[in-house]
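Notes for the structure review
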Amino acid sequence: MNRQCLDLRIAEKEVLKQEIAAWEKRRNELSCKVDWQFTTQDARIKLKRLYPSISS
């Protein structure tokens, strides 16, 4: 989003909202995918304190 939409200086909050909405609409129309940089297992290790595992 930063490279595609927010590389400009936007002075007003409403203009920012419009820019983000337009970016989101384009992304949804193109059915863009997220390229996750690490696996779920890696995330569990790295973010352990934020998402502790629940044992039964």
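Scope of this entry: the structure provided in the associated data block. Model, not experiment: these values are computed from the prediction. (Residues numbered from 1 in each chain as written. Predicted model: local features only at pLDDT ≥ 70, side-chain atom pairs only at ≥ 80, totals over all residues. Heavy atoms only, no water.)

1. Structural notes on helix H1 (residues 13–29)
For H1, built from 17 residues, the straight-helix expectation of 24 Å at 1.5 Å per residue is met to within 8% by its first-to-last C-alpha distance of 24 Å. Ser31, located one to two residues past H1, shows a positive phi value of around 50 degrees. (Helix = DSSP H or I, 4+ residues; strand = E, 2+ residues; numbered from the N terminus. Expected span 1.5 Å × (residues − 1).)

2. Things to note about the pattern of salt bridges
Counted by the stated rule, this structure contains two salt bridges. Across the salt bridge formed by Glu14 and Lys17, the nearest N and O atoms sit 3.6 Å from each other. Of this pair, Glu14 and Lys17 both sit in helix H1, three residues apart, roughly one helical turn. Note on Glu14: relative accessible area 47%, which makes it partly exposed. Residue Lys17 is classed as partly exposed on the basis of its relative accessible area, which comes to 46%. Between Lys25 and Glu29 there is a salt bridge, with the nearest N and O atoms lying 3.0 Å from each other. Placement of both Lys25 and Glu29 in helix H1 is noted, with a separation of four residues, approximately one turn of the helix. Each of the two residues, Lys25 as well as Glu29, counts as exposed. (Salt bridge = Lys/Arg side-chain N within 4 Å of Asp/Glu carboxyl O. Buried < 20%, exposed > 50% of the residue type's maximum accessible area, 1.4 Å probe, protein only.)

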